[in-house]
Amino acid sequence: MKFSGVYAAMVTPFDDELSTISEQRLRDYTEFLLARGVDGLFALGTTGEWPLLSVEERLKVAEVLAQTVKKRVPLIIHCGANTTAVTVRLARHAKEVGADAVSVIAPPFYRLDDEALVEHFAVVAKSVDTLPVFLYNIPSNTGNDIVPSVAARIVAGSPNVVGMKYSGDDYLRFRSYRQLLGRDFTLFCGNDSFALPWLVEGADGLVSGNATAYPEVLVGLWGAFASANLRGAKRAQEVLDEIIEDRDRRRELSFFKNTLACRGISVGEVRPPLLSIGQNGIAGCLRQVEHLTSRGVLST
């Protein structure tokens with residue numbers, strides 16, 4: 001299976017009390033994304049509030065998604081956790097329910113040396129046999145950076161580690177991954193501010209939080225780039241930059257969820273300790289949606 005194009009980094013829909021996963025909202029939201037042309041789905045990552053979910057909730061989301069998607073697009077389930085054992089449990093379950101790949105962060109909080117990182121990913125990769133595994137490097141959140149030399153060691157020892165989502169902000173680092181790991185290794189840009197520049201540097205696609213609320217923007221950017229329409233791709237990146245600039249990154253997930261609500265897709269709010277954008281922020285979301293719709297950027 002070829003992993004490429006735009007993957008929506010999904011939010012996790014809750015009921016109105018934020019107490020349980022809303023299965024119906026998850027199904028409706030999935031159909032919203034698929035109808036707008038995303039090439040794949042990336043669930044239970046940073047945008048999906050995974051640290052605020054129980055293991056049982058993560059298992060449920062994976063099951064419902066696999067049942068809903070039914071192989072229409074590739075489904076990547078993020079299975080990273082604080083411990084290797086929980087990561088293995090989540091990864092095996094993702095394989096059992098029919099995910100097309102799993103994604104795994106470096107375990108957060110404790111600072112891990114190279115040997116610990118290599119061993120962690122080796123154990124997880126082996127536990128799911130031939131299922132594709134993606135490294136997910138977001139050092140600003142985990143505190144543990146999967147540097148190119150460590151990534152190369154992991155890949156050399158685990159043939160089913162086939163790619164990486166890089167959500168850092170080091171332009172030269174991305175180039176180093178591509179040069180060291182080769183063209184057959186799938187590299188996803190996980191930082192929308194660098195979407196077009198990293199596509200130029202050889203990214204195979206975008207795993208985008210913004211694609212969860214504004215899928216048309218990212219699908220348009222990818223489509224323009226893939227068809228060698230650099231001018232169109234630049235215009236799409238400019239729209240994306242405007243969207244990113246127009247919000248407080250500390251409340252980004254609430255922006256996504258409330259933007260979806262403004263587009264008719266109820267997914268609930270963020271769980272504490274994350275904070276809502278409040279009524280003023282919601283009004284701003286509505287203005288932005290109306291503005292982008294009037295410009296023909298968003299579909300109704």
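Student: Which parts of the structure should I look at to understand the overall build of the protein chain?
Tutor: Summing up its helical and strand segments, the protein chain has 12 helices and eight strands in all. Over its C-alpha trace the protein chain gives a radius of gyration of 18 Å, about what one expects of a compact globule, namely 19 Å for 300 residues. The buried share of the protein chain, reckoned over its 300 residues, is 57%. When contacts within the protein chain are restricted to residue pairs at least 6 apart in sequence, those whose partners lie at least 24 apart make up 71%.

Student: Help me out: how do you make sense of helix H6 (residues 148–157) in this one?
Tutor: Helical geometry: 3.6 residues make up each α-helical turn, so side chains three or four residues apart lie on a common side. Those residues of H6 lying buried are Pro 148, Val 150, Ala 151 and Ile 154. The buried residues of H6 occupy an angular sector of 160° when projected down its axis, which confines them to one face. Across from the buried face of H6, at angles greater than 90 degrees, the exposed residues are Ala 156 and Gly 157. On its buried face, H6 sits against helix H4 (114–127), strand S5 (133–137), strand S6 (161–166) and helix H7 (171–181).

Student: Got a minute to help me understand the side chain of Thr 12 in this structure?
Tutor: Locating Thr 12 in the fold gives a position in the loop between strand S1 (5–9) and helix H1 (23–35). Separated by 2.6 Å, the side chain of Thr 12 and the backbone oxygen of Gly 48 make a polar contact. When sequence neighbours within four positions are dropped, the list of residues in contact with Thr 12 reads Ile 21, Leu 44, Thr 47, Gly 48, Glu 49, Leu 53, Val 61, Lys 257 and Val 267.

Student: When you look at a negative patch on the surface in this model, what are you seeing that I'm missing?
Tutor: On the surface, a cluster of negative charge is contributed by Glu 238, Asp 241, Glu 245 and Asp 246. Tracing the backbone through its elements, the reader meets Glu 238 in helix H10 (residues 230–245).

Student: Even after reading the chapter, I still don't get the nonpolar core, so can you show me in this structure?
Tutor: Tyr 29, Leu 41, Ile 77, Ile 146 and Met 164 are the most contacted members of the largest nonpolar core, which has 84 residues in total. Ranked by the residues each element gives to this core, the list is headed by helix H2 (residues 55–69), at seven residues. Excluding residues that lie within four positions of it along the chain, Ile 77 makes contacts with Ala 43, Leu 44, Ala 62, Leu 65, Ala 94, Ala 99, Ala 101, Val 102 and Ser 103. Core analysis: the next-biggest nonpolar cluster, separate from the first, contains 13 residues, Phe 3, Phe 42, Ala 101 and Phe 188 among them.

Student: What am I meant to see in the packing of helix H9 (residues 215–226) against H10 here?
Tutor: Between two packed helices, the angle of one axis relative to the other and the distance separating the axes together describe the packing. Running from N to C, H9 and H10 cross one another at 155°; their axes reach a closest spacing of 8 Å. Taken together, H9 and H10 sit at an angle that is classed as roughly antiparallel. The element H9 and its partner H10 pack so that their crossing is left-handed. Only Gly 232, Ala 233, Ala 236, Gln 237, Val 239, Leu 240 and Ile 243 of H10 make contact with H9, whose side of the interface consists of Val 217, Leu 218, Gly 220, Leu 221, Ala 224 and Phe 225. Here the contact of H9 with H10 is built from residues that sort into 10 nonpolar, three polar and no charged.

Student: Which parts of the structure should I look at to understand the sheet that holds strand S7 (residues 186–189)?
Tutor: Two modes of strand pairing occur in sheets, parallel and antiparallel, and in both the strands are linked by backbone hydrogen bonds. Pairing within the closed barrel is parallel, and its eight strands lie in the order S1-S2-S3-S4-S5-S6-S7-S8. When the angles between neighbouring strand axes are averaged without regard to direction, this sheet yields 25°. Across four bridges, S1 lies against strand S8 (residues 205–208) in parallel orientation. Bridge assignment links Tyr 7 to a residue of S8, and that residue is Val 207. Against the sheet, H4 contacts strand S4 (101–105), S5 and S6, and its axis sits at roughly 160° relative to S4.

Student: Would you mind going over the side chain of Thr 47 with me for this structure?
Tutor: Among the structural elements, Thr 47 can be located in the loop between strand S2 (40–43) and H2. With a relative accessible area of 11%, Thr 47 lands in the buried category.

Student: Any chance you could explain the packing of aromatic side chains here in plain terms?
Tutor: Aromatic rings considered in pairs are described by the distance between their centres and by the relative angle of their planes. Evaluation of the coordinates by the stated rule reveals nine aromatic pairs. With a centroid separation of 4.7 Å and an interplanar angle of 10°, the aromatic rings of Phe 194 and Trp 198 are classed as stacked. Among the aromatic residues, those joined into a cluster by ring pairs are Tyr 166, Phe 174, Tyr 177, Phe 194 and Trp 198. Against the face of Phe 42 rests Lys 165, its NZ or CZ located 4.8 Å from the ring centre.

Student: Explanation requested: the pattern of salt bridges in the structure shown.
Tutor: Considering all chains together, one arrives at 20 salt bridges under this definition. The shortest N-O distance in the salt bridge between Glu 31 and Arg 72 comes to 2.7 Å. With Glu 31 in helix H1 and Arg 72 in the loop between H2 and strand S3 (75–78), the pair connects residues that are 41 residues apart, well separated along the chain. A salt bridge links Asp 100 to Lys 71, with the nearest nitrogen and oxygen atoms 2.9 Å apart. Taken together, the residues Asp 100 in the loop between helix H3 (84–97) and S4 and Lys 71 in the loop between H2 and S3 connect sequence positions 29 residues apart.

Here is what the cut-offs are and how they apply
Residues numbered from 1 in each chain as written. Predicted model: local features only at pLDDT ≥ 70, side-chain atom pairs only at ≥ 80, totals over all residues. Heavy atoms only, no water. Helix = DSSP H or I, 4+ residues; strand = E, 2+ residues; numbered from the N terminus. Rg over C-alpha atoms; globule rule 2.2 N^0.38 Å. Buried < 20%, exposed > 50% of the residue type's maximum accessible area, 1.4 Å probe, protein only. Contact = heavy atoms within 4.5 Å. Arc of directions from axis to C-beta. Polar contact = N/O pair within 3.5 Å; in protein donor to acceptor, adjacent residues only side chain to side chain. Patch = residues over 30% accessible without salt bridge, like charges linked within 9 Å, V, L, I, M, F, W, Y side chains within 5 Å. Areas by Shrake-Rupley, 256 points an atom, 1.4 Å probe, with all protein chains shown as cover. Salt bridge = Lys/Arg side-chain N within 4 Å of Asp/Glu carboxyl O. Lys, Arg positive; Asp, Glu negative; His and termini not counted. Charge placed at Lys NZ, Arg CZ, Asp CG, Glu CD. Core = buried A, V, L, I, M, F, W, Y, C linked by side-chain atoms within 4.5 Å. Axes fitted to C-alpha atoms, helices over the stretch in contact; angles between N-to-C directions. Parallel < 35°, antiparallel > 145°, perpendicular 65-115°, else oblique. Left-handed = near helix turned anticlockwise from the far one by under 90°. Nonpolar A, V, L, I, M, F, W, Y, C, P; charged D, E, K, R; others polar. Pairing = 2+ DSSP bridges. Phe/Tyr/Trp six-rings, centres within 6.5 Å; stacked < 30°, edge-to-face > 60°. Lys NZ or Arg CZ within 6 Å of the ring centre and 35° of its normal.

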